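Understanding the architecture of this molecule
Read off the chains here:
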Amino acid sequence: MSTDTYADWLRARDDDELRALFACRPELITPVPADITALSSRASAPSALSRALDRLDRLALSVFEALLVLPFPTTYGDLVAATGADVRGAVERLRALALVWGSDEELRVAPGARQAIPHPAGLGPPVREAFASYPSDRLSALLADLGLDSVDDITGRVGVLVQDAGPEARAALDRLAWGPPIGKVEGARRPVTIATANSPIERLLARGLLAATDDRTVTLPREVGLHLRGGRVFRDLATTPPSLGGTVRAQALIDRTAGGQALTTVRTIEDLLERWGVDPPGVLRSGGLGIRDLRATAAALDLPDWTAALLVEVAYAAGLLARSGDYDGSGVGGRGGDALWLPTQSYDLWRLHDPERRWVTVAGAWLRMDRVPGLAGDRDERDRLINALSDEAIRASAPQVRRSVLTALANAEPGVAPTAEDVYAHLGWHEPRRGGVLRERLVGWTLREAEALGVTGFKALADHSRTLLDGGDAAKALLAVLPTPVDHVLIQADLTAVAPGPLVADLARELALAADVESTGGATVYRFTPESVRRALDAGRGAAELIDLLSRHSATALPQPLSYLIEDVARRHGRLRVGIASAYVRSDDPAMLEEIMADRRSDQLRLHRLAPTVLASRVPRAELLDALRVLGYAPVAESAEGSVVITRLDSQRAESAGHGTYEQARHAVLGAGPDPSVITAAVRALRAGDEAARVSAPYGSPPRTPAAAMVQQLREAADRGARVWIGYLDQQGQASSRIIEPARIEGGFLTAYDATRAAIHRFALHRITGVADVDGAT
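The written sequence of each chain sets the order in which its residues are numbered from 1. For a predicted model such as this one, the threshold for reporting local features is a pLDDT of at least 70, and the threshold for listing and counting side-chain atom pairs is 80 or more; totals across whole chains, interfaces and linings nevertheless cover every residue. Side-chain metrics rest on all non-hydrogen atoms present in the structure, leaving aside hydrogens and water.

Once that is clear, we can look at the overall build of the protein chain. The way it works is that DSSP assigns letters per residue, a run of H or I at least four long becomes a helix, a run of E at least two long becomes a strand, and they are numbered from the N terminus. Regarding its fold elements, the protein chain presents 35 helices and 26 strands. The C-alpha atoms of the protein chain give 37 Å as radius of gyration, which overshoots the globular expectation for 778 residues (28 Å, by more than 25%). Considered along the principal axes of its C-alpha atoms, the protein chain spans approximately 120 × 85 × 55 Å. The proportion of buried residues among the 778 residues of the protein chain is 48%. Whether two residues are in contact is decided by their heavy atoms, any of which lying within 4.5 Å being enough. Considering only contacts in the protein chain between residues 6 or more positions apart, those separated by 24 or more positions represent 66%. Per-residue and other accessible areas were derived by the Shrake-Rupley procedure at a 1.4 Å probe size, with only the shown protein chains allowed to occlude residues. A total accessible area of about 36000 Å² is found for the protein chain, and carbon and sulfur atoms account for 51% of it. Only the C-alpha atoms count toward the radius of gyration. The rule for a globule is 2.2 Å times the residue count to the power 0.38. Three exposure classes are used, based on accessible area relative to the maximum for each residue type with a 1.4 Å probe and protein chains only: buried under 20%, partly exposed in between, and exposed over 50%.

Okay, here's the thing in structure tokens:
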């Protein structure tokens, strides 16, 4: 097949090559082009070219720029001579992306590519383009002063003209030689000749070694730049990325460290969401989380603010956290109405999974989310505070940067922890067109967040994270390095319990309810206090039930001081009942109520006796409960029916956001492109659309056939198993052409395989405008 045009070259690609192209450039098939001609137009559009160029590494981009500089078309041999290196791999990469096409004897860049890079290799435009803006009379005067017939003759005399201009002018040229080829000078378009030129710049302008593009800008023509470079296109061609050195540690140590942090991450997120289920923060009118709420959460979890913001954002991205349904996003008022940040129903399901599966969900959400936790607390361009969970924290480039950073860590030798500077230099080679201050900050944030989430250990990539990047079973890899959960604790007489490792989920939840964490590390120390025991009793646990639980899971006999503490708190627990008067206090012990009334500290509660066993108060029930606890009592809340209110069950939930699941996280390999089945269907549709365009060429438009003849022709095609080309009107009256394989006609409908859409389809006969035989047309 002839490949005289870019579209012909694309048409000659086999299906495997097209599938590889769409895997690398998925934007080309969203939506699927009608045919190959439409594909060629889309592939050479400025936006598509820019996105494809952004995917090139330093070597491939340099080769592409060299092709823009060399004569059009060029040979592979000339390209090797210009670059001074074997660039076969880069050329094949450019062909795979359809940025370069043609054989090795006629290499061409894609249409429109010359506009995508205005100064390839830091060189200016060819001399003819550089002087194209000159008025004809001025250009004629310049050539006459030089004794030349055309602008192209300047190329052959560059050496003589540079020498004649003098050393100061040569020094000015050298500053532009390696790019950028543009300089600023006042009065660039002033009339000047060789005889009247005084300054170095004027001597260069008079000799055609610089071209004035406007009143303040001069440009170095490409031929002059190449002469100054000694014929070289590049000063130094970087054919390999910078090495990734750094501190080296044993991979097993890195994996265990990252695994321990992964377990900590999962448990901290659970602790955070449990707290918010009971005492949720409000939603700001911007839809975000207030800075005070963030700092309060960080203090409660004993975390830096940035870590708390990270965990909150990741929980939201994973679908474990959402706004309550009252938020309408209107932005009216300081808060989002009565909306709250609440755990979702998906969180309750997430809690039931093993820790390794929970971590994969969290890590996968972090990888693919476009939210940037590091921006929380920063100011935007209008000096407004950026809150966590707000839309202002979204950056579209974040997922790609995270993926690139982790890929860079994966490229390092096992056990090597590169510095942030080394990683940024490595990315600068692999993605030279992507840069800027935000990207540099994103790289630093990614390294910091990866360490906090257990993706890395000692700043080196863990094996389970490498598996996650590759789309493998990261949960299985993480399980291999996680410490085995234990189902026992060491309870001591000083009212502490030591967990020698991570606890099984059920025991961890019960112990967190009945005791406070005193210290963490290799072992976790819990302390039992009257307040923590009361918390368990408030949640509906009984004294006997609590003692039995601790006895079963204690590696030693349950110390008497702890038994006495539980029984003593339980004996006093519930002797007071608080209801609503605004609130009331009820007790079967009148003497206790007398004691409360006699206590001067209770004056602020505005209590008065309703009966020997009942006190009433004008203070709300929640405040009354807290106040009585401050006075040293252990009251419980009472419902309107007189039953005890189990406060732990007041945890609230939002509707599941559906942002992610374990399976989605496991297969969320960023940058992998669309699903292979989608790519295959797109290739089939393109081929069918191309064939439809080829068949329709003799007709110029969809065929027109009388109704009776059309039905007869379709029946005959069904009998022969032949393909036909039909014109079809959709429900909006829009005409289209299809290539189909008729199967049967019944009930006013044609059932056929639609090759254009690669699916079985039913066509209403009255909407078919005509039929033509494909084989006959071809």
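Moving on: the sheet that holds strand β22 (residues 724-729). By this definition, two strands are paired if DSSP reports at least two bridges between them. The sheet built from five strands is open, its strands ordered β25-β24-β23-β22-β26 with antiparallel pairing. Edge positions in the open sheet fall to β25 (759-764) and β26 (768-773), since each of these has one partner strand only. Between one strand axis and the next, the sheet turns by 45° as a mean value, whatever way the strands run. Of the strand pairs in this sheet, β22 and β26 are connected by five bridges, and their pairing is antiparallel. If you follow Gly727 over to β26, its bridge partner there is Gly770. Each axis is a line fitted through C-alpha atoms, taken for helices only over the stretch in contact, and angles between the N-to-C directions span 0 to 180 degrees.

Here the focus is the pairing of strand β19 (residues 607-611). Note that β19 and strand β20 (residues 614-617) share four bridges and pair antiparallel. Bridge pairing in β20 places Leu607 opposite Ser617. Joining the antiparallel neighbours β19 and β20 is a turn of two residues.

Let us look at the side chain of Glu270. Residue placement: Glu270 occurs in helix α16 (residues 251-278). For Glu270, a relative accessible area of 12% puts it in the buried group. What Glu270 contacts, discounting residues up to four positions off in sequence, is Tyr347, Trp350, Arg351, Arg358 and Arg509.

Here the focus is unusual backbone geometry. Cis geometry marks the peptide bond from Thr30 to Pro31, where omega comes out at -5°. Tracing the chain through its elements places Pro31 in the loop between α2 (15-24) and α3 (36-43). Residue Phe72 is joined to Pro73 through a cis peptide bond whose omega torsion reads -5°. As for its placement among the helices and strands, Pro73 is situated in the loop between α5 (58-69) and α6 (76-83).

Purely spatial values, then, with no claim about function.
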